[in-house]
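Commentary on secondary and tertiary structure
What follows is the residue order along each chain.
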Amino acid sequence: MKILVIGGGGREHALAWKIRQSPRVTRIYVAPGNAGTARDAENVPIAAEDIPSLVKFAKQEKIDLTVVGPEAALALGIVDAFQNSGLRIFGPTQIASQLESSKVFCKSLLRQADVPTADFQVFREADDAMRFIKGRFPGERDRCPVVVKADGLAAGKGVIVCKRRDDALEAIDRIARRKEFGKAGSQMVIEERLEGQEASVLAITDGRTIVPLPPAQDHKPAFDGDAGPNTGGMGAYCPTPIVDDTMMAWIEEHVLVPTVHAMKRNRKPFRGVLYAGLMLTNTGPKVLEFNVRFGDPECQPLLMRLKSDLVDILEAVVDQRLDQIEAPVWDPRPAICVVMASQGYPGDYQKGRPITGIDAADEMPDVKVFHAGTKLIDQEVVTDGGRVLGVTALGTSISDAKLQAYTAVQKVRWAGSWCRKDISDKAVQFLETQNV
Ligand code: AMP
Ligand code: GLY
């Protein structure tokens, strides 16, 4: 089989690395890929959003299966375009991708399907939204527990978590008056701010059968102790003990099943990865958002632990026979992924810094360095993005996996590289509180 992976981040490197382990696969292309996928697969210089060129390439090369990493391509309708050309592709259609690409669509579906989520209201006009905030919290300048969200995709920046009333008014101004997020801000959702731990529960579905993957935890804020601005994710580990088997069963019954069924009933069948971003509140898990693809970096520790052939699973989704394959087998050992980033990220940063030590880290047992923002210049690996590498390790326990991953991190260097030092500590803290 020939497989094409769309995207160029750590998630796509992990997908290509895992797909390569399938004995049925003869060639793997990644478009556009990075320095890591150049080694584990073959890069194709086509952007992930250049759908006509991707369709043309897939036809020319007789690609048997295409796997889409990033949400932007899905929201643009890459799956529809491939299917219309008779090509097999893993991922949701454009209309089903609205679960991620429109927060208004997502919240309406959650309400319709009676899935627990934060209370919310939708607004188009800044004046209405501001009046709502002032009416809801009269005379309370210092307490305004809301989150203001631009409706569309905004690379994670369109979600503004507020503390004070002025924060909310400012957020509304940025979205609806200053149009900082362009068309993505033509509508906005204002919702109640929830408290608790966050967890990522991903599931693979063919629109009918749902196969939940082990729960993971991302670390979105830039700095240790969850300080600083939000990023795409500075590290992840899997499985997370904060979601135990009982809670997982509850999430399947009250979140995944009703969502997939509501999509089917609405004639927008969802096929692909359904990723529920959850807040584990005092009154139970609530959905913060859905993503319609593998998480990055959650994908990296997840795939490190997957023992089954990923291609079998992806094909079963495309052929709508997920009920007929064996349940995926997971390595019982936990995995953690530590993201190494460029100086300045998530703000401005420089590119083109030579990286050393990747091979030394990769040679450690049960360690894999997934590339994200890297490229090859004259056979040398240099930085090419904010999140540069995802150093991923398996261990006998979460603490052991953490030690392995950070030992590997120590071997890798470039000018200005940094990472969070506390990836997976929440799990250890949680386990300590359970034991007392
Ligand atoms: P989203 O893209 O909707 O997941 O939001 C990004 C991040 O904003 C989440 O990972 C949370 O940390 C935070 N967030 C979103 N919605 C809420 C909420 N209702 N309450 C508290 N935090 C939230
Ligand atoms: N790690 C969060 C995301 O992929 O959206």
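Above this text sits the structure in question.
Residues numbered from 1 in each chain as written. Chains lettered and ligands numbered in written order. Predicted model: local features only at pLDDT ≥ 70, side-chain atom pairs only at ≥ 80, totals over all residues. Heavy atoms only, no water.

**Looking at the site of ligand 2**
Note the threshold: Proximity is defined per residue: any heavy atom of the residue falling within 4 Å of a molecule or strand makes that residue near it. Any pair of nitrogen or oxygen atoms within 3.5 Å is treated as a polar contact; in protein, a donor-acceptor pairing is required on top of that, and neighbouring residues in sequence qualify only through side-chain atoms on both sides. Under the scheme applied, nonpolar residues are Ala, Val, Leu, Ile, Met, Phe, Trp, Tyr, Cys and Pro; charged residues are Asp, Glu, Lys and Arg; polar residues are all the others, including Gly.
Every residue close to ligand 2 is listed here: Asp218, Gly232, Tyr275, Asn291, Arg293, Gly295, Asp296, Pro297 and Glu298. Asn291 has a polar side-chain atom sitting 3.4 Å from an oxygen atom of ligand 2. Here the residues of the shell around ligand 2 are counted per class, giving two nonpolar, three polar and four charged.

**Section: the nonpolar core**
To keep things clear, this is the line we draw: Among the buried residues, those of types Ala, Val, Leu, Ile, Met, Phe, Trp, Tyr and Cys that are joined through side-chain atoms within 4.5 Å form a nonpolar core. Exposure is judged per residue with a 1.4 Å probe applied to protein chains only, and the accessible area is read against the type maximum: over 50% gives exposed, under 20% gives buried, and values in between give partly exposed. Counting from the N terminus, the helices are the DSSP runs of H or I reaching at least four residues and the strands are the DSSP runs of E reaching at least two. Contacts were defined at the residue level, with two residues in contact if any of their heavy atoms lie within 4.5 Å.
If you look at the biggest cluster of nonpolar residues, it comprises 50 residues, and the most contacted ones within it are Leu4, Ile78, Phe82, Leu99 and Phe290. Top element by residues in this core is helix α10 (residues 245-265). It accounts for seven residues. In contact with Leu4, not counting residues within four places along its chain, are Tyr29, Ala31, Phe57, Ala58, Ile63, Leu65, Thr66, Val67 and Phe82. Ile204, Val273, Leu302 and Val311 belong to the second largest nonpolar core, which has 39 residues in total.

**Re the sheet that holds strand β22 (residues 387-394)**
Selection criterion: A pair of strands is treated as paired once DSSP finds two or more bridges between them.
Judged by pairing direction, the sheet is antiparallel, and its five strands sit side by side in the order β12-β15-β18-β22-β19 without closing on themselves. Of all the strands in the sheet, the pair left with one neighbour each is β12 (217-218) and β19 (367-371). Here strand β18 (residues 335-341) pairs with β22 via seven bridges, running antiparallel. Each bridged residue has a counterpart across the sheet, and for Ala335 the counterpart in β22 is Leu394.

**A closer look at the state of the cysteines**
Heads up, the rule is: Two cysteine sulfur atoms make up a disulfide if the distance between them is within 2.5 Å.
Tallying each qualifying case throughout the model produces zero disulfides. Left without a disulfide partner, Cys144 is nearest to the cysteine sulfur of Cys162, which lies 6.1 Å away. Considering cysteine sulfurs only, Cys337 is the nearest to Cys299, which forms no disulfide, with 9.7 Å between them. On the basis of relative accessibility, which here comes to 0%, the residue Cys299 falls in the buried class.

**Comments concerning the site of ligand 1**
The immediate surroundings of ligand 1 are formed by 15 residues, with Glu191, Glu192, Leu194, Glu198 and Glu289 found nearest. Here Leu194 contributes a backbone N or O atom positioned 2.8 Å from a nitrogen atom of ligand 1. Between ligand 1 and Lys220 there is a distance of 3.1 Å, counted from an oxygen atom to a side-chain nitrogen or oxygen. For the shell around ligand 1, the elements supplying multiple residues, two or more each, are β7 (146-150), β8 (159-161), β9 (188-192) and β17 (284-291). Here the residues of the shell around ligand 1 sort into seven nonpolar, no polar and eight charged.

**Notes on the packing of helix α8 (residues 126-136) against helix α9 (residues 165-177)**
To keep it simple, the criterion reads: To get an axis, fit a line to the C-alpha atoms, keeping to the stretch in contact for a helix; angles then go from 0 to 180 degrees between the N-to-C directions. By the definition adopted for this analysis, an angle is roughly parallel if under 35 degrees, roughly antiparallel if over 145, roughly perpendicular if from 65 to 115, and oblique otherwise.
The N-to-C vectors of α8 and α9 enclose an angle of 170°; their axes lie 9 Å apart at closest approach. As summarised for this structure, α8 and α9 are arranged roughly antiparallel, according to the angle between their axes. Packed against α8, whose contacting residues are Ala126, Asp127, Ala129, Met130, Ile133 and Lys134, the element α9 presents Arg165, Ala168, Leu169, Ile172, Asp173, Ala176 and Arg177 at the interface. Taken together, the residues of the contact of α8 with α9 break down into eight nonpolar, no polar and five charged.

**Some details on the sheet that holds β9**
Taken in spatial order, the four strands make up an open sheet running β6-β9-β7-β8, and their pairing is antiparallel. In the strand order of this sheet, the two ends are held by β6 (120-123) and β8, each with one partner. Going across the sheet, the axis of each strand differs from the next one's by a mean of 15°, ignoring polarity. Here three bridges tie β7 to β8, and the two strands are oriented antiparallel to one another. Pairing of Lys149 across the sheet is with Val159, part of β8. The strands that α9 touches are β7, β8 and β9; relative to β7, the one it contacts most, it runs at about 5°.

**Remarks on the pattern of salt bridges**
Stated formally: Salt-bridge detection follows one rule: a side-chain nitrogen of Lys or Arg within 4 Å of a carboxyl oxygen of Asp or Glu.
According to the stated counting rule, one finds 32 salt bridges in the structure shown. One salt bridge in this structure joins Arg24 and Glu315, with 2.3 Å as the shortest N-O distance. Of this pair, Arg24 sits in the loop between α1 (10-20) and β2 (27-32) while Glu315 sits in helix α12 (residues 310-318), and the two are 291 residues apart along the sequence. Take Arg24: its relative accessible area is 33%, and that puts it in the partly exposed class. In this structure Glu315 comes out as buried when scored by relative accessible area, which is 8%. Asp226 is the salt-bridge partner of Lys426, the closest N and O atoms lying 2.9 Å from each other.

**Focus on the packing of aromatic side chains**
How we decide: Note on aromatic contacts: the rings of Phe and Tyr and the six-membered ring of Trp form a pair at centre separations within 6.5 Å, being stacked when their planes are under 30 degrees apart, edge-to-face when over 60 apart, and tilted otherwise.
For the structure on display, the rule yields five aromatic pairs. With 5.2 Å between their ring centres and 75° between their planes, Trp17 and Phe370 make a pair best called edge-to-face. Of this pair, Trp17 sits in helix α1 while Phe370 is found in strand β19, placing the two residues 353 residues apart along the sequence. With respect to burial, Trp17 and Phe370 carry one shared label: buried. Pairing Tyr29 with Phe57 gives two aromatic rings, centres 5.1 Å apart and planes at 85°, and the pair type is edge-to-face. With Tyr29 in strand β2 and Phe57 in helix α3 (residues 51-60), this residue pair connects regions lying 28 residues apart in the sequence. Neither Tyr29 nor Phe57 differs from the other in exposure class; each is buried.

**Brief notes about the environment of Pro328**
Counting through the fold element by element, Pro328 comes out in the loop between α12 and β18. C-alpha separation for the pair Pro328 and Tyr406, spaced 78 residues apart in sequence, amounts to 28 Å. Not counting residues up to four positions away in its chain, the partners in contact with Pro328 are Val211, Leu306, Ser308 and Ile313.

**Section: the environment of Val287**
Relative to the assigned elements, Val287 resides in strand β17. Contact partners of Val287, with chain neighbours within four places excluded, come to Leu110, Val115, Pro116, Thr117, Ala118, Val255, Gly277 and Leu278.

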